[in-house]
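Reading the structure
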Amino acid sequence: MTDFALFDQAIARDQRIEPADEMPERYRSTMIRQIAQHAHSEIIGMQPEGEWITRAPTLRRKAILLAKVQDEAGHGLYLYSAAETLGADRGDLTQRLIEGRQKYSSIFNYPTLSFADVGVIGWLVDGAAICNQVPLCRSSYGPYARAMIRICKEESFHQRQGYELLLTMMSGTAAQRDMVQDAVDRWWWPSLMMFGPPDADSPNTAQSMAWKIKRHTNDELRQRFVDMSVPQAAELGVTLPDPELAWNASRDHYDFGQPDWDELRRVISGGGAMNEQRIARRRQADTDGAWVREAAAAHAAKNLEVAR
Ligand SMILES: [Fe+2]
Ligand SMILES: [Fe+2]
């Protein structure tokens, strides 16, 4: 029996770990890091599409996009709350993000060049997020797993709205179809990178699988995403920019080429087109919101005083 016999037993029986349960320090810190990185990604992820809200082509598209971006803010908030159940402090996590000490998904360091990007982000980026996140609904940490259930429902709305936007554009003019194809060409490879490096280069996967934080490896999830996306691309009438993409009957899966992993390393370490701008904007929002946090804290303190 280890020091964490109850924890080990709960993991072995596929039960959830709850905030008051004893847990190894490394499990706690791994969970905080993963949940924080996920929360940061939701919040930073509001920016690339948020830039198009004022330029949406119709009132209907504007309302849809507003709702979607607002959902992402909500996802960030559920996740910061989940991190707080592990003893993390939300202000501290935000500070770490702004200072570059914690990461967010590198997909959001690519620019959104046309309104077709809004559709492609919904289809591919939210689609990849769903592949990653559906198994997290069974993650071993209870508050995280429960937050993921609602988040996944909303992500699936995001994916459908993106696909529906693209279907509409594909039935439009030649220029609109070209915009969609151009956006697909730019977002396909970064979407594949969202599953992380190949399993052979993913040192933390084994421990995360053993703790049932993670249920499938990066390569398994990437394969699932490719298998799901190829028929959707055909239905849409776009070409995925991978000459190696081919059905493999013996594996019962699509074969596909490898993304440029050097590019992923470069973007993660700050070299993407938008890294600086994304963080600068987040820092500005934090500064602009300081008075709201101060006012809320003062109000709460006053209420406490009255209650005494
Ligand atoms: Fe989200
Ligand atoms: Fe989303």
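Here's a quick rundown of the structure. (Residues numbered from 1 in each chain as written. Chains lettered and ligands numbered in written order. Predicted model: local features only at pLDDT ≥ 70, side-chain atom pairs only at ≥ 80, totals over all residues. Heavy atoms only, no water.)

**Some words on the overall build of the protein**
Inclusion rule: The secondary structure listing takes helices from DSSP runs of H or I that are at least 4 residues long and strands from runs of E that are at least 2 residues long, numbered from the N terminus. Relative accessibility thresholds used throughout: buried, under 20% of the residue-type maximum; exposed, over 50%; partly exposed, between the two (1.4 Å probe, protein chains only). In what follows, a contact means two residues having at least one pair of non-hydrogen atoms within 4.5 Å. Areas reported as accessible are Shrake-Rupley estimates using a 1.4 Å probe. Residue values count occlusion only from the protein chains shown. By the counting rule applied here, Lys and Arg register as positive and Asp and Glu as negative, while His and the ends of each chain are not counted. Lys charges are placed at NZ, Arg charges at CZ, Asp charges at CG and Glu charges at CD.
When its secondary structure is counted, the protein shows 13 helices and two strands. Overall, the C-alpha framework of the protein stretches about 70 × 50 × 30 Å when taken along its three principal axes. Per-residue burial over the protein gives 50% buried out of 308 residues. Within the protein, contacts between residues separated by at least 24 positions form 78% of all contacts whose residues are at least 6 apart in sequence. Summed over its atoms, the accessible surface of the protein is roughly 15,300 Å², and 56% of this surface lies on carbon and sulfur atoms. Across the protein, the 36 positively charged side chains and the 42 negatively charged ones have centroids separated by 4 Å.

**Structural notes on the coordination of the iron ion (ligand 1)**
Going by this rule: Counted as donors are the N, O and S atoms within 2.8 Å of the metal, or 3.2 Å for Na, K and Ca, while water is not among the atoms, so some sites may look incomplete. By the criteria applied here, four donors are tetrahedral when all angles lie between 85 and 135 degrees, four are square planar and six octahedral when opposite donors are over 155 degrees apart and every other angle lies between 65 and 115, and any other arrangement is irregular.
Within the protein, the atoms that donate to the iron ion (ligand 1) are Glu42 (OE), Glu72 (OE), His75 (ND1) and Glu155 (OE), at distances of 2.0 to 2.2 Å. Coordination at the iron ion (ligand 1) is irregular: its four donor atoms span angles of 86 to 143 degrees at the metal. Read N to C, the donor residues that coordinate the iron ion (ligand 1) are spaced as E-x29-E-x2-H-x79-E. A separation of 3.5 Å is found between the iron ion (ligand 1) and the iron ion (ligand 2), which share Glu72 as a coordinating residue. Taken as a pair, Glu42 in helix H2 (residues 25-44) and Glu155 in helix H7 (residues 142-170) lie far apart in primary sequence, 113 residues in all. Taken individually, Glu42 and Glu155 each receive the classification buried, so the pair is uniform in this respect.

**Points about the layout of surface pockets**
Using a probe with the size of a water molecule, rolled over the atoms, empty space left in the structure can be pinpointed. Defined as follows: Detection works on a 1 Å grid of protein atoms alone, calling trapped sets that fit a 1.4 Å probe cavities and calling open sets with protein on both sides within 12 Å along at least five of seven lines pockets, with lining residues defined by an atom within 4 Å of a point. Grid points are joined across faces, edges and corners, and a volume is the space filled by probe spheres set on the points. When residues are grouped by polarity, Ala, Val, Leu, Ile, Met, Phe, Trp, Tyr, Cys and Pro land in nonpolar, Asp, Glu, Lys and Arg in charged, and all others, Gly among them, in polar.
Here the second largest pocket is characterised by a volume of approximately 390 Å³. Put simply, the parts of the chain that give the lining of the second largest pocket at least two residues each are helix H3 (46-50), helix H5 (90-98) and helix H12 (275-288). Here the residues of the lining of the second largest pocket are counted per class, giving five nonpolar, five polar and six charged.

**Considerations on the packing of helix H6 (residues 116-133) against helix H10 (residues 218-236)**
Rules: Axis angles are defined between N-to-C directions and span 0 to 180 degrees, where every axis is a line fitted to C-alpha atoms and, for a helix, only to the segment in contact. Handedness of a crossing follows from how the near helix is turned relative to the far one, being left-handed for an anticlockwise turn of less than a right angle and right-handed for a clockwise one.
One way to put it is that H6 packs onto H10 with a least axis distance of 10 Å and a crossing angle of 145 degrees. Where H6 crosses over H10, the two elements pack in a sense that is right-handed. The segment H6 lies against H10, with Trp123, Leu124, Gly127, Ala128, Cys131 and Asn132 engaging Leu221, Phe225, Met228, Ser229, Gln232, Ala233 and Leu236. When its residues are assigned to classes, the contact of H6 with H10 shows nine nonpolar, four polar and no charged.

**Concerning the nonpolar core**
Stated formally: Residues enter a nonpolar core if they are buried and are Ala, Val, Leu, Ile, Met, Phe, Trp, Tyr or Cys, with the set joined through side-chain atoms within 4.5 Å.
Within the largest apolar cluster, 51 residues are counted, with the highest numbers of intra-cluster contacts made by Trp123, Val180, Trp187, Trp188, Phe225 and Val238. Those elements giving two or more residues to this core turn out to be helix H4 (59-84), H6, H7, helix H8 (174-193), H10 and helix H11 (261-271). The element best represented in this core is H6, accounting for 10 residues. Setting aside residues no more than four positions away along its own chain, Trp123 makes contact with Gln159, Gly162, Tyr163, Leu166, Val184, Ser229, Gln232, Ala233, Leu236, Val238 and Leu240. In this structure, Phe7, Ala82, Ala88 and Trp211 belong to the second largest nonpolar core, which totals 27 residues.

**A look at the coordination of the iron ion (ligand 2)**
Taken together, Glu72 (OE), Asp126 (OD), Glu155 (OE) and His158 (ND1) make up the protein donors of the iron ion (ligand 2), found 2.0 to 2.2 Å from the metal. Taken together, the four donor atoms surrounding the iron ion (ligand 2) define angles of 85 to 154 degrees at the centre, an arrangement classified as irregular. Within one chain, the residues serving as donors to the iron ion (ligand 2) are arranged as E-x53-D-x28-E-x2-H.

**Some remarks on the environment of Tyr141**
What counts here: Within 3.5 Å is the distance limit for a polar contact, defined as a pair of N or O atoms, with the added protein rule that one can donate a hydrogen and the other accept it, and that residues adjacent in sequence qualify only through two side-chain atoms.
Turning to its location among the elements, Tyr141 is positioned in the loop between H6 and H7. When the C-alpha atoms of Tyr141 and Trp211 are compared, they prove to be 9.4 Å apart, with 70 residues separating the residues in sequence. In this structure Tyr141 touches Ile17, Glu18, Pro19, Met23, Tyr27, Met31, Ile35, Ala82, Thr85 and Leu86, once residues within four positions along its chain are discounted. Within the structure, Tyr141 has its side chain in polar contact with the side chain of Thr85 (distance 2.7 Å).

**Structural notes on H2**
One turn of an α-helix holds 3.6 residues; hence residues three or four places apart share an orientation. To keep things clear, this is the line we draw: The span expected for a helix works out to 1.5 Å for each residue beyond the first.
Counted at 1.5 Å a residue, the expected span for H2 with its 20 residues is 28 Å, and the 28 Å between its end C-alpha atoms agrees. Here H2 lies mainly inside the structure; 14 of its 20 residues are buried.

**Things to note about the state of the cysteines**
Where we set the bar: The rule for a disulfide is simple: a pair of cysteine sulfur atoms within 2.5 Å.
Taken as a whole and judged by the stated rule, the model has zero disulfides. Its sulfur unpaired, Cys131 is 10 Å from the next cysteine sulfur, which belongs to Cys152. In this structure Cys131 comes out as buried when scored by relative accessible area, which is 5%. Summary of cysteine pairing: Cys152 is not part of a disulfide, and the nearest cysteine sulfur, belonging to Cys137, is at 3.9 Å.

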